[in-house]
Amino acid sequence: MRRRRPAPPPPLPQRDGVDPVRVRLPAGGSWATVRDHLVQRLSAEPGVVDGMFAAGLIVGADGRAVPADAPYEPGLFLWFHRELPAEVPVPFPLEVVHRDEHIVVVDKPHFLATTPRGSHVAQTALARLRRELGIPELGAAHRLDRLTAGLVLFTVRPGERGAYQTLFRDRRVHKEYEAVAPYDPGLDLPRTVRSRIVKERGELAAREVEGEPNALTLVELTEHRADGPGRYRLVPGTGQTHQLRVHMSALGVPILGDPLYPEVTAPVPAGDFRRPLQLLARVLEFTDPVTGVEHRFTSRRELAAWSSYEEWAAGQ
């Protein structure tokens, strides 16, 4: 079997902490020129792609501009910078919990995406850290939902990233979350919730369906207030999309501030940071695959609906 040719290093520098887009021209197809393929692949107006070619913004591995009429060549690598969307800055700091020559662990605020995706590009934890720490090769070992706050692990050296990503893939990282949700005195806790969760492409919310369980969460009530919410410790045994949020909603105690569960609500305006989802990645524990050091990190953040429920509910 032929081995796939590895990608050359990017010939373009990062912009605002964001890598250039890399495109590899696939085998097959009936495109006569590089332009024809990009017009179809990028789903952009032909004028946009033509403008990029005219400005010399699409380059090859040697960093030279590729002409629009260049013949189509399967396997050819191209690079360009996407036009960054207008983003409202997330006005909360990224707290560095730990930094050494191999990893950086940060305490991510609510509303900040982990890595560039969709309409969140420069306003992401990865791009901000690259700029603030001056580590252009920093990479994410895993992802945390944009609406969830808490601990995220980044890697300093690209050659070591796979070792840390494997920890998460093989479930060798102990993670604990904290949530604030309604208190139900009739709910029997602690318990382990098992169900099958599916998330269809194009749908905002995941859902539980019949079948073999693929999602497991330990749910514990750690404390509660007689006239207010409860504080919960959540320990995931699997990593399905929105798993903790789905399981809490299924128990009848949806996490406060959740815009998707139990019902999808209208999106809030950009820049509205008043009522964040009350979910926090509190603990991250693992054996470092490079150094062998036993790590245990704990978030110092407090969930607003627990520390001051009235202010959180009022959106202050």
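Above: the structure in question.
A short tour of the structure in this document, coming up.

Taking burial as the measure, the seven residues of strand β11 (residues 230-236) include six buried ones, the bulk of the element. Note: strand β7 (residues 174-181) against β11, five bridges, orientation antiparallel. Note on β11: the bridge partner recorded for Glu-178 is Arg-233. Where strand β10 (residues 215-224) meets β11, seven bridges bridge the pair, whose relative direction is antiparallel. Following the sheet pairing, His-224 is matched in β11 by Gly-230.

With that settled, the discussion passes to unusual backbone geometry. Residue Pro-190 is bonded to the preceding Leu-189 through a cis peptide linkage, with omega at 5°. Along the chain, Pro-190 falls in the loop between β7 and β8 (191-198). Pro-262 follows Tyr-261 through a cis peptide bond whose omega is 5°. As for its position among the elements, Pro-262 is in the loop between α5 (243-250) and β12 (279-287). Despite not being glycine, Asp-16 has its phi angle at roughly 55°, a positive value.

Our focus in this paragraph is the pattern of salt bridges. One pass over the full model with this rule turns up 21 salt bridges. Note that Arg-231 is salt-bridged to Glu-178, the shortest N-O span being 3.1 Å. Here Arg-231, found in strand β11, pairs with Glu-178, found in strand β7; they are 53 residues apart in sequence, far enough to count as distant. Taken as a pair, Arg-231 and Glu-178 share a single burial class, namely buried. Close ionic contact of Arg-296 with Glu-285 constitutes a salt bridge, the shortest N to O distance being 2.7 Å. Separated by 11 residues along the polypeptide, Arg-296 in strand β13 (residues 294-298) and Glu-285 in strand β12 bring together distant segments of the chain. The class of Arg-296 is partly exposed, set by a relative accessible area of 47%. Where salt bridges share partners, they join Glu-178, Glu-223, Arg-231, Arg-282 and Glu-302 into one cluster.

What counts and how
Residues numbered from 1 in each chain as written. Predicted model: local features only at pLDDT ≥ 70, side-chain atom pairs only at ≥ 80, totals over all residues. Heavy atoms only, no water. Buried < 20%, exposed > 50% of the residue type's maximum accessible area, 1.4 Å probe, protein only. Helix = DSSP H or I, 4+ residues; strand = E, 2+ residues; numbered from the N terminus. Pairing = 2+ DSSP bridges. Salt bridge = Lys/Arg side-chain N within 4 Å of Asp/Glu carboxyl O.

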